[in-house]
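Close look at the chain arrangement
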Amino acid sequence: MMGEKVRVGVNGYGVIGKRVADAVAAQDDMELVGVSDIVYDYRIRVAAERGYPIYASMPEKRSMMEEANLPVVGTLDDLLKEVDVIVDCTPKGLGEKNKPKYEQAGVKAIFQGGEEHEVAGISFTAQVNYEEALNKQFVRVVSCNTTGLCRVMNALHKRGWVKRARAVLARRGTDPWESHRDGMINTFIPETKVPSHQGPDAQTVIKDLDITTLAGAGPYNLSHIHYAMVETTRPISLDELRHALWEEPRVNFIHANDGLVALNSVIELMRDLKRPRNDMWEVAVWEDALAVDDREAYITFQVHNEAIAIPENIDAIRSLTGIVQNGIESIEKTNKALGIVDSFLPKTIPEAAMHEAIGKALKEESRKFMEEGFKGAEEPASPEPTKEQRRTA
């Protein structure tokens, strides 16, 4: 398959599926063969407007879709005959039921975070374990909240800084498109299970991460907010924390003093940047809320539930098919195609230069430390002169 475009199908054209389809279509090493669903409302009609071939996920739904004037070209079984990879974006629980169909068709499949880890045996976040999924048949892209946790925790964990992490997740009450159905109002619903599923889920990606999560849902639909408290293996400086997060792919800084004071203002920024569907594929970390003490680091960040896992699906396609062997190379390729950036406002906020200077200063500090070496309390700061040195002084 090296050098050829990967043929991709998307089963389920909802919140995630429609975004995955657009993302696949934007890649120069992939071909979107078609999308499959059972609905015949405005959502799948948009796929027709975009020129995506439409398939019926269930044969018995085909006639109703065609009666609704949808240009259905076949069924899911037909789609599976034409693809190398199917991205299952169906509602929670259906992916597991669809797996035997994918196995029978002999195609590779990507499942979403609503499925259990066991459906694929590999749970995926590109910058953490891309190579683990290389050339496998199945992989599961973890949920939006778990993706955000894995990106942020990876920045600290790979440096050996995480002794224990705790995170509180204030989740959105519902997705914007279905707020009229089940949006809550004037309340907050705590999850009574501790830990919430996101912590154990993160451990399927970062195997030795010690993390506990608590979660709840509030009366809003514009993404999630996380508060992470990380007990560190040694005291780290604020600059070390900043630099570690800056260097992590798909983790960006935002600042309250720029008016980005809440979830809605960050999404408004995405609108103003003309992001498709206002999507924020990056984790947004409030840099001015970062803090450290002798024991812990404190991080506040926003996770856009509709968008954050989309680039992970693209990288998972490359990993499963082996067309790109290196995770960072795939991440950079995906980022370029989708417009994922290191800084949201680079023309007026020179973050790259500032963090380059921080990085150089940290390297110089480390170099001096290594040159000085370890001196025990019993050793003098400067070596005592020898008798010969005293005589010639």
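Owing to the predicted nature of the structure, the values given are computational and were not obtained by experimental measurement.

Cut-offs and rules
Residues numbered from 1 in each chain as written. Predicted model: local features only at pLDDT ≥ 70, side-chain atom pairs only at ≥ 80, totals over all residues. Heavy atoms only, no water. Phe/Tyr/Trp six-rings, centres within 6.5 Å; stacked < 30°, edge-to-face > 60°. Lys NZ or Arg CZ within 6 Å of the ring centre and 35° of its normal. Buried < 20%, exposed > 50% of the residue type's maximum accessible area, 1.4 Å probe, protein only. Helix = DSSP H or I, 4+ residues; strand = E, 2+ residues; numbered from the N terminus. Pairing = 2+ DSSP bridges. Right-handed = clockwise from strand over helix to strand, strands pointing away. Salt bridge = Lys/Arg side-chain N within 4 Å of Asp/Glu carboxyl O. Arc of directions from axis to C-beta. Contact = heavy atoms within 4.5 Å. Patch = residues over 30% accessible without salt bridge, like charges linked within 9 Å, V, L, I, M, F, W, Y side chains within 5 Å. Areas by Shrake-Rupley, 256 points an atom, 1.4 Å probe, with all protein chains shown as cover. Core = buried A, V, L, I, M, F, W, Y, C linked by side-chain atoms within 4.5 Å. Axes fitted to C-alpha atoms, helices over the stretch in contact; angles between N-to-C directions.

Our focus in this paragraph is the packing of aromatic side chains. Going through the model one piece at a time under the given rule, you end up with 3 aromatic pairs. Between the NZ or CZ atom of R159 and the centre of the ring of W161, over which it lies, the distance is 5.8 Å.

Here the focus is the pairing of strand β11 (residues 211-218). In summary, the side chains of a regular strand alternate between the two faces of the sheet. Among the 8 residues that make up β11, 6 are buried, leaving the element largely enclosed by the rest of the structure. Here 2 bridges tie strand β10 (residues 189-190) to β11, and the two strands are oriented antiparallel to one another. The partner of P190 across the bridge, within β11, is G216.

As a further point, take the pairing of strand β1 (residues 6-11). Burial runs high along β1: 5 of the 6 residues are buried. Examined bridge by bridge, β1 and strand β2 (residues 30-37) share 6 bridges and lie parallel to one another. If you follow R7 over to β2, its bridge partner there is E31. The parallel pair β1 and β2 is bridged by helix α1 (residues 15-25), and the resulting crossover is right-handed. Both β1 and strand β5 (residues 85-88) contribute to a ladder of 4 bridges, which runs parallel. Note on β5: the bridge partner recorded for V10 is V87.

Following V194, the chain continues into P195 via a peptide bond in cis, with omega recorded as 0 degrees. Within the chain, N135 stands out as a residue other than glycine whose phi angle is a positive 65 degrees. Its identity is not glycine, yet K274 carries a phi of approximately 60 degrees, on the positive side.

Turning our eyes to something else, we now look at the pattern of salt bridges. Counted under the stated rule, the structure contains 27 salt bridges. Residues E66 and R62 are paired through a salt bridge, measuring 3.0 Å at the closest nitrogen-oxygen approach. With E66 and R62 both in helix α3 (residues 62-67) and 4 residues apart, this pair spans about one turn of that helix. A salt bridge links R250 to E312; its shortest N-O distance comes to 3.3 Å. Placement of R250 in the loop between α10 (238-247) and β13 (251-254) and of E312 in helix α12 (residues 310-321) is noted, with a sequence separation of 62 residues between them. You'll find R250 and E312 in the same group, each marked buried. Put simply, D29, R151, R250, E312, D315 and R318 are held in one network by salt bridges that share partners.

This brings us to helix α2 (residues 42-49). Considered for burial, the residues of α2 that qualify are R43, I44 and A47. Buried residues of α2, seen end-on, are gathered within an arc of 90 degrees and therefore sit on one face of the element. Close packing links the buried residues of α2 with β2 and β3 (54-56). Taken from the residues just after α2, G51 is the one with a positive phi, measuring 85 degrees.

The next subject is a nonpolar patch on the surface. Judged by side-chain polarity, V168, V194, L214 and Y227 come together as a nonpolar surface patch covering roughly 340 Å² of accessible area. Mapped onto the fold, L214 is located in strand β11.

Before going further, it helps to spend a moment on the nonpolar core. Among soluble globular proteins, nonpolar side chains are generally buried collectively. V35, I110 and I317 are the most contacted members of the largest nonpolar core, which has 45 residues in total. In terms of residue count, α12 provides more of this core than any other element does, 5 residues in total. Not counting residues up to four positions away in its chain, the partners in contact with V35 are V10, Y13, A21, I44, A47, Y52, P53, I54 and Y55. Membership of the second largest hydrophobic core comes to 36 residues, among which are C150, I206, V230 and I236.

This part covers the side chain of N98. Relative to the helices and strands, N98 resides in helix α5 (residues 94-105). Residue N98 is classed as buried on the basis of its relative accessible area of 15%. When residues no more than four places from it in sequence are discounted, the contact partners of N98 are N11, D88 and T90.

Within the sequence span of helix α11 (residues 263-272), burial applies to L263, S265, V266, I267, L269 and M270. Here the buried face of α11 lies against β12 (224-232), β13, β14 (283-286) and β16 (296-303). Looking one or two places after α11, you find K274, whose phi comes out positive at around 60 degrees.

Strand-to-strand pairing in sheets goes through backbone hydrogen bonds, with the strands running parallel or antiparallel. Judged by pairing direction, the sheet is parallel, and its 8 strands sit side by side in the order β4-β3-β2-β1-β5-β6-β8-β7 without closing on themselves. Two strands lie at the open edges of the sheet, namely β4 (72-75) and β7 (123-124), each paired on one side alone. Here 3 bridges tie β3 to β4, and the two strands are oriented parallel to one another. Residue pairing in the sheet places I54 in a bridge with V72 of β4. Along the sheet, α1 contacts β1, β2 and β5; its crossing angle with β2, the most-contacted strand, is approximately 160 degrees.

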